[in-house]
Amino acid sequence: MNATSSGTAPGPVRPMKVAIASLIGTAIEWYDYFVYGLAAAMVFGPLFFPAFSSVTGTLAAFATFSVGFIARPLGGIVMGHFGDRIGRKSMLVTSLLMMGIATVGVGLLPTYEAIGAWAPVLLVTLRLIQGLGVGGEWGGAVLMAVEHAPPNRKGFYGSFAQMGVPAGLILANVAFLGVTAGVSDSAFLTWGWRVPFLFSAVLVVVGVVIRFTITESPDFEREKESSGTERLPIVAVLRHNAGAVALGAGAFIGINAVGYIYMAYLLAYSDEALNLDRSLVLTFILLGSCAWLVTVPTASVMSDRYGRRKVLLYGSIGLTAAAAALFPLVDTGSSVVILIALLVTGVAMGTVYGPLAALYTELFPVRVRYSGASLAYQIGALLGGGLAPTVASSLYASWRSSLPITVYLTATTLVSLGCVAAVRHRHIRNSMPEGPLSPDHEAREGDLTRQEGR
């Protein structure tokens, strides 16, 4: 079998051990990322932008949140370069350390009252470092899980890295719920908000130890030994796989926009526009994240059986419907209705997000896979979640209504639905061997063709 195959046999380390390590590592990194988003919704406005009104301060806080997304494609390019040339494992450790240092730094950061304009400047700098770190995290974690996996279960094993996102969100919500329940509002604003950031130091130590216990990707090792590595992987990706990058990025815009409205902006909106209890909304987001977490592996297993495109198409249709209904249901102010809306949206997000890991690895050949998958994912993140909280805050500030936000979210999910519909078997062939196919690959090609014709 040609060494570029994505269906190579797993290495000496058990695939499940690598998958669990990917889950733990990504959960820690996304915890770091999400505590920032929750803090931006709750405290960054008055602490770092006190000269602004409540609405404008929230908008400024979410603008710093969006800054991290600007750095994510750069992080994906840089770490993708070294991940395709040196190896996946070393980049995973590097990204985890970057995220941890930046997150703890935010927890130690003086506010505007203490150091004036330097406070938001330093906040933005640390957010940029977070963005660089997470930009290289996702690609490496997914590739380690998928490239160790058996050929017919790549969706399932890839879902472990995907579960790290809702798991990180759950950890972040639990951390903030614990702090808000244990201290007064004034104490939370003074020092309590720092606790979830400082707790990251403990999680990062655990994550680094775990990541040192796993071995390098067997697909990467075989490719490096047989054919060497690409000198400039990102150039090769843009030259030969630009279409795959565009489709991959577009497929991710909708889920990422809905996800970051769900994870970050909804908390600020429910407080400002509806005057709902903060702890109640945090609890509902936590429960919805649990639904998201459970749905990710379920949808991924289905994608192994029925095909990535079919599951993603149905999931994208469901996500579009959920995006159109989310804010109208939240605006009812009914606790039961809001909980149902968040649970259904969590299921829709999980259905789309789970199979994306395997799809991204199948869009790119091994020698440029880290660069290609990271670039597509992070561009989608920048255009989706990177803009969503800031756009939503601006729309509400201008219209004082959630209707423009609903239109915006629905439009992003329709873009992704179109990109998923445009994915065809010819795009998946990029990850197949260049020489004669093995019987397993021939069978998989036939399955993919039949599934697209259904």
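- Under an unreviewed UniProt entry, the protein chain has the name MHS family MFS transporter and belongs to Prauserella endophytica.

1. Section: unusual backbone geometry
Here's step 1: For Asn-275, which is not glycine, the phi dihedral falls at a positive 55 degrees.
Here's step 2: In this structure, Asn-275 sits in the loop between α12 (242-272) and α13 (278-306).
Here's step 3: By relative accessible area, which is 65% here, Asn-275 ends up exposed.
Here's step 4: Not every positive phi belongs to a glycine, and Arg-400 is a case in point at roughly 50 degrees.
Here's step 5: Residue Arg-400 is classed as partly exposed on the basis of its relative accessible area, which comes to 47%.

2. Some details on the pattern of salt bridges
Here's step 1: Under the definition given, this model contains 11 salt bridges.
Here's step 2: The residue Asp-219 makes a salt bridge to Arg-369 at a minimum N-O spacing of 3.9 Å. Placement of the pair is Asp-219 in helix α10 (residues 218-227) and Arg-369 in helix α16 (residues 369-383), with a sequence separation of 150 residues. Here Asp-219 and Arg-369 have matching classes, each one buried.
Here's step 3: Taken together, the salt bridges that share partners define one network made up of Asp-84, Arg-88, Glu-147, Asp-219, Arg-222 and Arg-369.

3. Topic: the side chain of Thr-351
Here's step 1: Note on placement: Thr-351 falls in helix α15 (residues 335-363).
Here's step 2: Taking relative accessible area as the criterion, Thr-351 reaches 19% and is therefore assigned buried.
Here's step 3: Here Val-347 takes part through its backbone oxygen, which lies 2.8 Å from a polar atom of the side chain of Thr-351.
Here's step 4: Setting aside anything within four residues of it in sequence, one finds Thr-351 in contact with Thr-295, Ala-299, Val-311 and Gly-315.

4. Looking at the packing of helix α7 (residues 154-182) against α15
Here's step 1: The N-to-C vectors of α7 and α15 enclose an angle of 120 degrees; their axes lie 7 Å apart at closest approach. Overall, the two elements α7 and α15 adopt an arrangement that is oblique. Here the hand of the crossing between α7 and α15 comes out right-handed. On α15, the residues that touch Lys-154, Gly-155, Gly-158, Gln-162 and Val-165 of α7 are Tyr-353, Gly-354, Leu-356, Ala-357 and Ala-358.

5. Examining helix α9 (residues 194-211)
Here's step 1: A rise of 1.5 Å per residue sets the reference length of α9, with its 18 residues, at 26 Å; its end C-alpha atoms lie 27 Å apart and thus fit the reference within 8%.
Here's step 2: By the largest-angle criterion, Val-202 marks the main kink of α9, which is about 30 degrees.
Here's step 3: Buried residues of α9: Arg-194, Pro-196, Phe-197, Ser-200, Leu-203, Val-204, Gly-207, Val-208 and Arg-211, and no others.

6. Side note on empty space enclosed by the protein
Here's step 1: Counted by the stated rule, this structure contains 3 cavities of 30 Å³ or more.
Here's step 2: Of the voids in this model, the largest cavity is the one considered here, and its volume is about 80 Å³.
Here's step 3: Along the wall of the largest cavity there are 13 residues; nearest its centre are Val-165, Phe-252, Asn-256, Trp-292 and Tyr-353.
Here's step 4: Elements with a contribution of two residues or more to the lining of the largest cavity: α1 (15-42) and α12.
Here's step 5: It is α12 that provides the largest number of residues to the lining of the largest cavity, a total of 6 residues.
Here's step 6: Tallied by class, the residues present in the lining of the largest cavity amount to 10 nonpolar, 2 polar and 1 charged.

7. Description of the layout of surface pockets
Here's step 1: Taken as a whole, the largest pocket spans an internal volume of roughly 310 Å³.
Here's step 2: As for the largest pocket, its lining consists of 21 residues, of which Ala-41, Met-42, Pro-46, Ser-54 and Asp-271 are closest to the centre.
Here's step 3: When residues of the lining of the largest pocket are traced back to their parent elements, those giving at least two are α1, α2 (44-48), α3 (54-85), α8 (185-192) and α12.
Here's step 4: Class assignment of the residues belonging to the lining of the largest pocket gives a composition of 12 nonpolar, 5 polar and 4 charged.

8. Notes on α12
Here's step 1: Under the 1.5 Å per step criterion, the end-to-end length of α12 is 42 Å for 31 residues, consistent within 8% with the ideal 45 Å.
Here's step 2: Along its length, α12 shows its largest kink, about 55 degrees, at Tyr-265.

9. Overview of the side chain of Ser-217
Here's step 1: By the secondary structure assignment, Ser-217 is in the loop between α9 and α10.
Here's step 2: Of the polar contacts made by the side chain of Ser-217, one reaches the side chain of Glu-147; its length is 2.4 Å.
Here's step 3: Ignoring anything within four residues of it in the chain, the contact list for Ser-217 reads Arg-88, Met-144, Glu-147 and His-148.

10. Let's talk about a nonpolar patch on the surface
Here's step 1: On the surface, a cluster of nonpolar side chains totalling about 350 Å² of accessible area is made up of Leu-74, Val-78, Phe-82 and Ile-86.
Here's step 2: Here Phe-82 is to be found in helix α3.
Here's step 3: Residue Phe-82 is classed as partly exposed on the basis of its relative accessible area, which comes to 36%.

11. Things to note about the packing of aromatic side chains
Here's step 1: Within this structure, the stated rule accounts for 24 aromatic pairs.
Here's step 2: Measuring from centroid to centroid gives 6.2 Å for Phe-48 and Trp-193, while their planes differ by 85 degrees, and the two rings are edge-to-face. With Phe-48 in helix α2 and Trp-193 in the loop between α8 and α9, this pair connects stretches of sequence that are 145 residues apart.
Here's step 3: For Phe-48, a relative accessible area of 1% translates into the label buried.
Here's step 4: Taking relative accessible area as the criterion, Trp-193 reaches 0% and is therefore assigned buried.
Here's step 5: Between the aromatic rings of Tyr-265 and Phe-327, the centroid separation amounts to 6.4 Å while the plane-to-plane angle is 40 degrees, which identifies the pairing as tilted. Of the two residues, Tyr-265 sits in helix α12 while Phe-327 sits in helix α14 (residues 308-330), which places them 62 residues apart along the sequence.
Here's step 6: Following the ring pairs from residue to residue traces out a cluster consisting of Trp-138, Phe-252, Trp-292, Tyr-353, Tyr-360 and Tyr-377.
Here's step 7: Arg-127 extends its terminal NZ or CZ atom over the ring of Tyr-36, reaching a point 4.4 Å from the ring centre.

What counts, and where the lines are drawn
- Residues numbered from 1 in each chain as written.
- Predicted model: local features only at pLDDT ≥ 70, side-chain atom pairs only at ≥ 80, totals over all residues.
- Heavy atoms only, no water.
- Helix = DSSP H or I, 4+ residues; strand = E, 2+ residues; numbered from the N terminus.
- Buried < 20%, exposed > 50% of the residue type's maximum accessible area, 1.4 Å probe, protein only.
- Salt bridge = Lys/Arg side-chain N within 4 Å of Asp/Glu carboxyl O.
- Polar contact = N/O pair within 3.5 Å; in protein donor to acceptor, adjacent residues only side chain to side chain.
- Contact = heavy atoms within 4.5 Å.
- Axes fitted to C-alpha atoms, helices over the stretch in contact; angles between N-to-C directions.
- Parallel < 35°, antiparallel > 145°, perpendicular 65-115°, else oblique.
- Left-handed = near helix turned anticlockwise from the far one by under 90°.
- Expected span 1.5 Å × (residues − 1).
- Bend = angle between axes of the 7 residues up to and from the residue.
- 1 Å grid on protein atoms, 1.4 Å probe; cavity = no way out; pocket = protein on both sides within 12 Å on 5 of 7 lines; lining within 4 Å.
- Points joined across faces, edges and corners; volume = space filled by probe spheres on them.
- Nonpolar A, V, L, I, M, F, W, Y, C, P; charged D, E, K, R; others polar.
- Patch = residues over 30% accessible without salt bridge, like charges linked within 9 Å, V, L, I, M, F, W, Y side chains within 5 Å.
- Areas by Shrake-Rupley, 256 points an atom, 1.4 Å probe, with all protein chains shown as cover.
- Phe/Tyr/Trp six-rings, centres within 6.5 Å; stacked < 30°, edge-to-face > 60°.
- Lys NZ or Arg CZ within 6 Å of the ring centre and 35° of its normal.

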